[in-house]
Amino acid sequence: MALQLIAGLAPHWFTPKKKDSDPYDPAPPQFLLKPLTQVQNMEIMADGEITSAGAFIPSHNARVKMLSWGIQDWQNVNGPDGAPAKYSPGAWQQLPWDLLRDLATEILISSVLSEDERKNSLSQSASPETPADLIATTANGADTVTTPTPPPSPNG
């Protein structure tokens, strides 16, 4: 049987869930996030650590790479002067750190899940939840992504 190449996952709009945000906000901030390619995913997985519980904790450098590769656009983001901020590469560096953490986690989750799994997950909804089987929480409360357990090999 011939090897089939993996299709790239399509970018998707993500609305971060904030504890202090108005659930009825007609124009919440949204981010167009592009999942990582397989090679980018390998690079991220090589730049972090896996805990004894199987959770993947990306390094600072890995998160910066995910954000620079993954954030493609935004909507409803205002600049310091209150005027709408136009997205440009690298402009994400002005976002709050906790939002950057959430965006990096969403990029990684969408890169690990298949497109069907991602479509069926609640992570794309207006009040996203992250799939519990892929997320672990560190002692300081930071989200981490666990690596999926591969199926057993035919040789045991």
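The model shown is predicted, which means the values in this text are computed figures rather than measured ones. (Residues numbered from 1 in each chain as written. Predicted model: local features only at pLDDT ≥ 70, side-chain atom pairs only at ≥ 80, totals over all residues. Heavy atoms only, no water.)

**Observations regarding the environment of L103**
Part 1 of the argument: Structurally, the position occupied by L103 is in helix α3 (residues 97-112).
Part 2 of the argument: A C-alpha to C-alpha distance of 8.7 Å links L103 and G70, two positions 33 residues apart in sequence.
Part 3 of the argument: What L103 contacts, discounting residues up to four positions off in sequence, is F14, F31, L33, L67, I71 and L95. (Helix = DSSP H or I, 4+ residues; strand = E, 2+ residues; numbered from the N terminus. Contact = heavy atoms within 4.5 Å.)

**Notes on the pattern of salt bridges**
Pairing is possible between side chains that carry opposite charge, provided their charged atoms lie close to one another.
Part 1 of the argument: Enumeration according to the criterion identifies three salt bridges in this entry.
Part 2 of the argument: E43 is the salt-bridge partner of K65, the closest N and O atoms lying 2.8 Å from each other. One end of the pair, K65, is in helix α2 (residues 60-70); the other, E43, is in helix α1 (residues 38-46), with 22 residues separating them in the sequence.
Part 3 of the argument: Put simply, D47 and K65 hold a salt bridge, and the shortest N to O gap is 3.8 Å. Remark: K65 occurs in helix α2 and D47 occurs in the loop between α1 and β3 (48-50); sequence separation between them is 18 residues.
Part 4 of the argument: Members of the salt-bridge network, linked through shared partners, are E43, D47 and K65. (Salt bridge = Lys/Arg side-chain N within 4 Å of Asp/Glu carboxyl O.)

**Quick word on the packing of aromatic side chains**
Part 1 of the argument: Inspection of the entire model under this criterion finds two aromatic pairs.
Part 2 of the argument: Taking the centre distance of 5.2 Å and the plane angle of 80 degrees together, the rings of W74 and Y87 count as edge-to-face. Of this pair, W74 sits in strand β5 (residues 71-75) while Y87 sits in the loop between β5 and α3, and the two are 13 residues apart along the sequence.
Part 3 of the argument: An aromatic cluster of at least three residues, connected via ring pairs, comprises F31, W74 and Y87. (Phe/Tyr/Trp six-rings, centres within 6.5 Å; stacked < 30°, edge-to-face > 60°.)

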